[in-house]
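Inside the fold
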Amino acid sequence: PRTLRMMYLHAWQSALWNAAASHRIRHYGHERVVVGDLVLPRRRHGASTTNGDDVEDAALMAADGGGGDGDVDYEMEDAAAAEGAEGAASAKTTTSAAGRLSAVRVVTEADVAAGRYDVFDVVLPLPGTEVSYPEHETGAWMRQAASEAG
């Protein structure tokens, strides 16, 4: 049945993702962002965003669960909730998968030097056909592992 086939595919994706996360930590550590990492920026208290779009950043942060070090800004999310169901619904529309994917950035040397991101911003994709991989050794490893699997 189709659901069983999908379960095997999802299990393979999860196994490859876990191996890629281990590879990334083994090669680059777990304490810093490196050039080539993929990041989904979060908004922090008092920090300016790289693109200046506060509403989108707050929606992304809400979609991200705020995770990480707890130093996140909930003001925009709270403002949308205070507007009632209509405001909250409009804030949620910007957290679509396409909207979140378009916010993923590749870390540059300038980003690292400026300390623009921290390790809690780093994301790894699930393997697939239309996926952007990190632009360092972990990304190459993920492409190689996926191609070997067919």
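So, here is what we can say about the structure in this document.

Reading the values: the criteria
- Residues take numbers from 1 onward in each chain, read along the sequence in its written order.
- Only residues with pLDDT of at least 70 get local features here, since the model is predicted, and only at 80 or more are side-chain atom pairs given and counted; chain-wide, interface and lining totals rely on the full set of residues.
- Note that water and hydrogens are dropped before the side-chain values are worked out from all heavy atoms of the structure.
- Throughout this description, the term salt bridge denotes a Lys or Arg side-chain nitrogen within 4 Å of a carboxyl oxygen of Asp or Glu.
- In this text, helices come from DSSP runs of H or I with a minimum length of four residues, and strands from runs of E with a minimum of two, each type numbered from the N-terminal end.
- In this scheme, a residue with accessible area under 20% of its type's maximum is buried, one over 50% is exposed, and one in between is partly exposed, where area comes from a 1.4 Å probe on protein chains only.
- Note on geometry: axes are C-alpha line fits, over the in-contact stretch for helices, and angles between N-to-C directions span 0 to 180 degrees.
- Angular relationships are summarised with four words: roughly parallel below 35 degrees, roughly antiparallel beyond 145, roughly perpendicular across 65 to 115, and oblique for the angles in between.
- Helix crossings are classified by the rotation of the near helix relative to the far one: an anticlockwise turn of less than a right angle makes the crossing left-handed, while a clockwise turn makes it right-handed.
- When checking whether two residues touch, look at their non-hydrogen atoms; a contact exists if any pair is within 4.5 Å.

**A few points about the pattern of salt bridges**
The tally for this structure, following the rule as stated, stands at four salt bridges. As a salt-bridge pair, R42 and D118 come within 3.0 Å of each other at their nearest N and O atoms. Within this pair, whereas R42 is found in the loop between β1 (38–39) and α2 (54–63), its partner D118 is found in the loop between α6 (109–114) and β3 (122–123), the two being separated by 76 residues in sequence. Of the two residues examined, R42 and D118, each falls in the buried class.

**Remarks on the packing of helix α1 (residues 2–28) against helix α7 (residues 137–149)**
Interhelical geometry of α1 versus α7 gives an angle of 150° and a closest axis separation of 9 Å. Taken as axis vectors, α1 and α7 run roughly antiparallel relative to one another. The way α1 lies across α7 gives a crossing that is right-handed. Between α1, through W12, L16, A19, A20, H23, R24, H27 and Y28, and α7, the contact on the second element is made entirely by E137, T138, W141, M142, A145, A146 and A149.

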